[in-house]
Amino acid sequence: MERSVPEAPKNPKKATITEEYKKNLEFIEEVTSKVEEVQCRVLAEILSQNAHVEYLQRHNLNGRTDRETFKRVVPIITYEDILPEINRIAYGDKSPILCSQPISEFLASSGTSGGESKLIPTTEGEVGRRLELFQKLLMSVMSQVAPDFGKGKGMYFMFICSEQKTPGGLPARFVSTSNYKSPYFNYSRLHHPHFNHTSPTATILCSDSYQSMYSQMLCGLRQNQQVLRVGSLFAIGIIRAIRFLEKHWSLLCNDIRTGTLNTQITDPSQGIITRLWPNTKYVDAIVTGTMSQYVPTLDFYSNSLPLVSTRYAASECTSGINLNPFCKPTEVSYTLIPTMCYFEFLPYHGNSGVIDSISMPKSLNEKEGQQLVNLADVKIGQAYELVVTTYSGLYRYKVGDVLRVAGYKNNAPQFNFLCRENVILCVDDELSNEVELQNAVKNAVDNLMPFDAHVTEYTSYVDITTIPGHYVLFWELSVKGSTPIPPSIFEDCCLTIEESLNVLYRQGRASDKSIGPLEIRVVQSGTFEKLMDYRISLGASMNQYKTPLCVKYAPLVELLNSGVVSSYFSPMCPKWFPGYKKWDNTN
């Protein structure tokens, strides 16, 4: 069978980096030119390798590997559809339930509607595909465009999160933690110049977020002349690091014998990155989707250095590379590498430019399932929800990402990332969706019942002007009772909302301190009517108008703030426990 990935050099010392880059770039040219052929081969490989697993047997695939049969008998699913299988694996069932290869770990994804992380099964082969092949392709692309690529050092802020073992003994952790703890990460640091970072591995693997940040910042400052690139996984990670520097500069200076940063760090003038790390060529971080809100702040801190958003990845599959990494953040598009998994696309139709929920049953019927679009057949300008079939046991799985086709690399489509399905709030990487918010508000308003009061209208937004950023809810009330509502009740409402949000939000509040206390701003009667009038004046339909669950447009936020009569914050952090709350085992 024709191989679907380029072979690694048998002896890395004999193959030069330039030769390896050239080989990888030729691979990208080949697979993007033969998208349909490669995708059919990938699907056949996945189905052949997993022909006898329980899940595919149950759906009567009967060993067939052709796309037509696959589309006809295998349904489109969500996480909840395979949760029973996930639980069986987590509790130690080692039979081939979803995948013929042993499940090596679970990758924690964004929270479910129940508030807990999704646990995505993965294998050693998938880890290698994600870290080795994909990283090599990405570095090869960067070698073409980045100044002094592979020279000097990179100051990358990298952190691990708490992890836990399932009752069956499998690690359950976030993708970044899995990456940094993998043998490939350490191997790359030793053998590839691009992984020459200022942060020692020990500082990255420190589980205490304060000590890790302090140590990484100290190392970066000590080697400031060698730093040619600054980065983090997400844009918010760099902003958190700079704000940490603003807060703790005196302590850091005391630890650097020749430090002269006192007056510079307390001065909030522009371009602190280029002042402290003067040789920096670019900032490397994901700035698409919810991270786009941080672009102006990054421009401010970096003196408008290029912002390089290199990859598109999810817990389910690492799949896309930005082949034009020095483009503007608003123009970023990702080319899906057709060997990473089998891709399908559910046509998506937004409403008036607003991302609404996709009304669809958990699994599509046969006719609807066959209407999904193949990678080679998507249309420029059309938006789609991503559906993947992976080597590690996900079959026609809805990832929840909405993508829009921006163009082509050879025959491979390139996609803009629009959003996560239904996600409306995000400070760090917690991704709170509209269902969570609605349920959280519903739980909170019970505190108002003794005062014969209820919330008539509400909306939300993320305030990133504070350090750290925090959620804000605007409430308009109807109060029929005669007893005034004490501030403590509104504070209880704030905490109830926080307790109802997903585990990543609660971790950001209680452990990482990357999210500030939630705030409720009570507005005067009629404020939301003014909001409606304003939106209609901008062209919204009066017949179809509904109050947005989240506002981002500055004039709308200003209008709501003009009606605020009182403001309340959560009085404490919400409850949060390390790991996946479902498991009692912490060993």
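Residue numbers restart at each chain and count upward from 1, following the sequence in its written direction. With pLDDT at 70 or above as the cut-off, local features in this predicted model cover only qualifying residues; side-chain atom pairs require 80 or more to be listed or tallied, and sums for whole chains, interfaces and linings still use all residues. For the side-chain quantities, the full set of heavy atoms in the structure was used; hydrogens and water were omitted.

Trainee: How do you make sense of helix H11 (residues 235-254) when you look at a structure like this?
Mentor: An α-helix turns once every 3.6 residues. As a result, residues three or four positions apart point the same way. Numbered from the N terminus, helices here are DSSP runs of H or I no shorter than four residues, and strands are runs of E no shorter than two. A helix's residues, less one, multiplied by 1.5 Å, set its expected span. In a regular helix each residue adds 1.5 Å, so 20 residues correspond to 28 Å; H11 covers 28 Å between its end C-alpha atoms and thus fits that length. Considering bend angle alone, the principal kink of H11 is centred on His248 and spans about 75 degrees. Only protein chains enter the accessibility calculation, which uses a 1.4 Å probe; a residue is then buried when its area is under 20% of its type maximum, exposed when over 50%, and partly exposed in between. Counting buried residues along H11, 14 of its 20 residues qualify, which places the element largely inside the surrounding structure. Throughout, the bend at a residue refers to the angle made by two axes, fitted to the seven residues ending there and to the seven starting there.

Trainee: What exactly am I supposed to notice about helix H17 (residues 487-500) here?
Mentor: Taking 1.5 Å per residue as the helical rise, H17 with its 14 residues ought to reach 20 Å, and the 20 Å between its terminal C-alpha atoms agrees with that figure. Two residues qualify as a contact provided that any one of their heavy atoms is within 4.5 Å of a heavy atom in the partner residue. Here the buried face of H17 lies against helix H16 (434-444), strand S20 (470-479), helix H18 (503-510), strand S21 (519-523) and strand S22 (564-569).

Trainee: I tried to follow the pattern of salt bridges on my own but got confused; where do I start?
Mentor: Side chains that differ in charge, positive against negative, can pair when their charged atoms come close. Salt bridges are defined as contacts in which a side-chain nitrogen from Lys or Arg sits within 4 Å of a carboxyl oxygen from Asp or Glu. Going through the model one piece at a time under the given rule, you end up with 14 salt bridges. Where Glu29 meets Lys409, a salt bridge forms, and the shortest distance between an N and an O atom there is 2.5 Å. Here Lys409 lies in strand S15 (residues 397-409) and Glu29 lies in helix H1 (residues 17-33), a separation of 380 residues in the sequence. Residue classification places Lys409 among the partly exposed residues on the basis of a relative accessible area of 21%. The shortest N-O distance in the salt bridge between Arg58 and Glu54 comes to 3.3 Å. In this pair, Arg58 and Glu54 are both assigned in helix H3 (residues 54-58), 4 residues apart and thus about one turn of the helix distant.

Trainee: Just to check I follow, could you spell out the sheet that holds S20 for this structure?
Mentor: DSSP calls a pair of strands paired once it identifies at least 2 bridges connecting them. Across the sheet, 4 strands lie side by side as S19-S20-S21-S22; this open sheet has mixed pairing. The sheet is open, and its two edges are formed by strand S19 (453-463) and S22, each paired on a single side. Here the average twist between neighbouring strands, direction ignored, is 25 degrees. As judged from the 10 bridges shared by S19 and S20, these two strands associate in the antiparallel manner. The residue bridging Ser460 from the neighbouring strand is Leu473, located in S20. Of the strands in this sheet, S19, S20 and S21 are in contact with helix H19 (residues 527-537), which crosses S20 at around 115 degrees. In this description, a line fitted to the C-alpha atoms serves as the axis of each element, helices being fitted only across the stretch in contact, and the angle between N-to-C directions of two axes falls anywhere from 0 to 180 degrees.

Trainee: Can you help me understand the environment of Leu394 in this one?
Mentor: Residue position: Leu394 is located in the loop between strand S14 (383-389) and S15. Here Leu394 falls in the buried class, since its relative accessible area comes to 0%. The spatial distance from the C-alpha of Leu394 to the C-alpha of Thr78 is 9.9 Å, given a sequence separation of 316 residues.

Trainee: When you look at unusual backbone geometry in this model, what are you seeing that I'm missing?
Mentor: Residues other than glycine predominantly adopt negative phi, and peptide bonds predominantly adopt the trans conformation. For Asn410, which is not glycine, the phi torsion reads 55 degrees and is therefore positive. Turning to its location among the elements, Asn410 is positioned in the loop between S15 and strand S16 (412-420). Within the chain, Asp452 stands out as a residue other than glycine whose phi angle is a positive 50 degrees. Summarising the element assignment, Asp452 is placed in the loop between H16 and S19. Judged by relative accessible area, Asp452 falls into the partly exposed class, the value being 43%.

Trainee: What's the story with the sheet that holds strand S3 (residues 153-157) in this structure? I'm lost.
Mentor: Strand pairing within a sheet occurs via backbone hydrogen bonds; the two strands may be parallel or antiparallel. As summarised here, the arrangement of the 4 strands in space is S3-S6-S7-S8, forming an open sheet in which the pairing is parallel. In this open sheet, the two edge strands, each paired with only one partner strand, are S3 and strand S8 (307-308). Alignment of strand S6 (residues 227-234) against strand S7 (residues 282-286), held across 4 bridges, turns out to be parallel. Directly across from Val230, in S7, lies its bridge partner Val283.

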